[in-house]
Each structure stands twice: as C-alpha cells, then as structure tokens.
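Each chain, letter by letter, is given below.
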Amino acid sequence: MNGRADGRADGQWYPPEWPDRIRALAAGTLTPVTPKRAATVMLLKDTGTGTAVHMLRRRTSMAFAGGAYAYPGGGVDPRDDDRDIGWAGPTRAWWADRLGVDEAGAQAIVCAAVRETYEEAGVLLAGPTGDSVVGDTTGADWEADRAALVARELSFAEFLDRRGLVLRSDLLGAWARWITPEFESRRYDTWFFVAALPEGQRTRNASTEADRTVWITPAEAAAGYDKGELLMMPPTIATLRALAECGTAARALAAAPDRDMTPVLAEARLVGGEIVLSWPGHDEFTKHVPSATPQTPSDPTGGAPA
C-alpha cells in the first residue's frame, strides 16, 4: 500500500493491525490509551557535503516501529522533574510557554531530551557552567554513569550533581510535537528538538534498541524514504523535510523559535467503503484502506518513535 498519491512506493511505517484497530475505535469497542510524554533530539553537524543528522535504526525485534529509522529519544522518567536539577538557559517558565505545558512538565521534557540523547547517542548537552559544555564523554567512568542512567539506578539530577554539571537548555530548539494515533496500542506525546553536536563530542550507538546509526543529510534520508529504502514514521520524514530547508545547523536552531508546536494527531474516519487515515497539515501521509479487507503493506527494510 502506498502512502503517496502518485503511486510510488515509499517507506512509511504502517502496522498491519491498524485497520482493525481503527474499525474498533470507530465502533466504540476500543478505548484509547493515554499517551506517555517523550522527547527526541535531532542532532546536527555541518560537514563538507552539507548538514547531517544523526539517526538510528530500531531493531526489527522492537514491538513499536521495529526496523524504522528515528532519532535518539525516549520517554520521560518520573524523576526528570526533580526541582534540584542543575539548569542553564531559558527559564522553566519560558520552556513551559514554548512547549505548552506547566513548568514541572517543561523541565521533565527538556530533561528527557538531554538525558535520552546521552543514553542513546553518548552526547551530553551539559557543562560545568552555563556557557560551557563537556568534551569527550567516552571514558569508562562516563560509561558507568550512562549505564546507571539507562538502568534507572541513577536519576539525571543526581548524575549532573555528581559531575558538577548544569543542563544546557539553551543548546536545544523546540521543533515539533506529534502524538501517536488514538488507535495505536503504544502511544507517545513526543516533543522534537534540534541541537548541534557539541565540539569535542562524538556520537556512538549506545542504544540497546538500535542495530545501526548513521550521519546522513536530511535530503538523502528523505530520498531514501521516497524510494522505499528507508522505513520511517510520519513524524520522522516530516521533520527531515523541514530540516532539509535549513542548510546548516545554525539556521535550524535559528528557525526553531518560530516553529509551530501545535500537536499533530492522526485522524481516522470511515468514508463510504474505506478508512481514510490522515495527519492534519501533512497530506502526503494520507492513506485509503478498504474498510472490509485489511491490507498489509510490504516492508521495504525487511523488518516496525519519534
């Protein structure tokens, strides 16, 4: 099943169970689960061939979006809103207004973005002072702390305090917000951020959920999706297309404050003899599914946020 009106195959992630779940939601026999708050970061670096973004491929064994390319990120830890966290950059009140949540929620979301980037990519957006950032974080002692964070044996506030660091919220730019459709069994309310790779740091595949990581230009990644070679969820390809227009990491960060943070939530409705699945403001993802016969699309990667 194609996600494009012109009939070309693409790499849109589309689980085979969605049509049945959409029918159940329409019939009132499916109760939507409450989405969990999450954050993901599009790490950027300027190269000789253009600005590249760091992406990981989720293992095909993952229950949610296995085989899909995404950015480092994950759910909010209940301790991410600890009030004693070291903080630099715009105030929590400023972030609350930007993200559309209260101050505690804003801290938790920004903290999750920084923490998950460190957990999954080894990149830490923090420094000893509000105008500095740590350098190499690949030593054994850093890895021990990272593993403790992943295991939830250590909160991010404790980690920063132990290291004498403050979170650099000014290194992030809020880019978009997407909410998993109501008919999906695993739902996330995800805030997308942009950030430039700090000087002296390098990414690595530190995630147990990914089997591959790449630095790729947004245009190249979008082309791979269009050809059906790279599997992605709608939020990922939508943010890639927007990033491709920026050209440099600095321009992407400069554009972030003007980005619309209205949540994007898919809509599914029954029209005549088919299900129409759409994402408001993103017509390229619209799908028409015969309401009586579910169809299972081919998986261009051989295998299922952001």
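Please refer to the structure higher up on the page.
Predicted model only: the values in this text are computed from it and were never measured. (Residues numbered from 1 in each chain as written. Predicted model: local features only at pLDDT ≥ 70, side-chain atom pairs only at ≥ 80, totals over all residues. Heavy atoms only, no water.)

Draft legend 1. Layout of the pattern of salt bridges. For the structure on display, the rule yields 16 salt bridges. Here Glu143 ties to Arg146 by a salt bridge, and the two come within 2.9 Å at their closest N and O atoms. Placement of both Glu143 and Arg146 in helix α4 (residues 140–150) is noted, with a separation of three residues, approximately one turn of the helix. The residue Arg241 makes a salt bridge to Asp226 at a minimum N-O spacing of 2.7 Å. Residue Arg241 is found in helix α7 (residues 234–244), and its partner Asp226 is found in helix α6 (residues 218–226); the two are separated by 15 residues along the sequence. (Salt bridge = Lys/Arg side-chain N within 4 Å of Asp/Glu carboxyl O. Helix = DSSP H or I, 4+ residues; strand = E, 2+ residues; numbered from the N terminus.)

Draft legend 2. α4, seen in detail. Regarding α4, the residues found buried are Trp142, Asp145, Arg146, Ala148 and Leu149. The arc enclosing the buried residues of α4, seen along the axis, measures out at 160 degrees, which places them on a common side. Those residues of α4 that are buried lie in contact with α3 (103–121) and α5 (156–163). Arg152 lies just past α4 and shows a positive phi near 60 degrees. (Buried < 20%, exposed > 50% of the residue type's maximum accessible area, 1.4 Å probe, protein only. Arc of directions from axis to C-beta. Contact = heavy atoms within 4.5 Å.)

Draft legend 3. Main features of the pairing of strand β14 (residues 282–290). Looking at chain direction, strand β13 (residues 274–279) and β14 are connected through five bridges and run antiparallel. Note that in β14 the partner of Val276 across the bridge is His288. Linking β13 to β14, which pair antiparallel, is a turn of two residues; within it Gly281 sits at a positive phi near 85 degrees. (Pairing = 2+ DSSP bridges.)

Draft legend 4. Quick peek at the packing of aromatic side chains. Scanning the model with the defined rule gives ten aromatic pairs in all. Relative to Trp142, the ring of Tyr118 lies with its centre 6.4 Å away and its plane at 80 degrees, an arrangement referred to as edge-to-face. Residue Tyr118 is found in helix α3, and its partner Trp142 is found in helix α4; the two are separated by 24 residues along the sequence. Trp142 sits in the buried class, given a relative accessible area of 13%. Taken together, the ring pairs connect Trp18, Phe183, Trp279 and Phe285 into an aromatic cluster. Sitting over the face of the ring of Trp142, Arg163 holds its NZ or CZ atom 3.8 Å from the ring centroid. (Phe/Tyr/Trp six-rings, centres within 6.5 Å; stacked < 30°, edge-to-face > 60°. Lys NZ or Arg CZ within 6 Å of the ring centre and 35° of its normal.)

Draft legend 5. Examining α5 more closely. Within the span of α5, buried status applies to Phe156, Ala157, Phe159 and Leu160. Projected down its long axis, α5 carries its buried residues within an arc of 160 degrees, all on one side. In α5, the exposed positions angled more than 90 degrees off the buried face are occupied by Asp161 and Arg162. As for α5, its buried residues are in contact with α3, β6 (126–127), α4 and β7 (166–168). Downstream of α5 by a residue or two, Gly164 has a phi angle that is positive, lying close to 70 degrees.

Draft legend 6. Up close: the environment of Ala223. By the element assignment, Ala223 lies in helix α6. According to the relative accessible area criterion, Ala223 is partly exposed, its value standing at 29%. Along the chain, Ala223 and Arg241 lie 18 residues apart, while their C-alpha atoms are 9.7 Å from each other.

Draft legend 7. Seen up close, the pairing of strand β9 (residues 188–196). The element β9 is extensively covered by neighbouring structure, given that seven of its nine residues are classed as buried. As paired strands, strand β1 (residues 36–47) and β9 are joined by nine bridges and run parallel to one another. Among the inter-strand pairings, Ala38 is bridged to a residue of β9, identified as Thr190. Across six bridges, strand β8 (residues 173–179) lies against β9 in antiparallel orientation. When the bridges of β9 are listed, Ala176 appears paired with Phe192.

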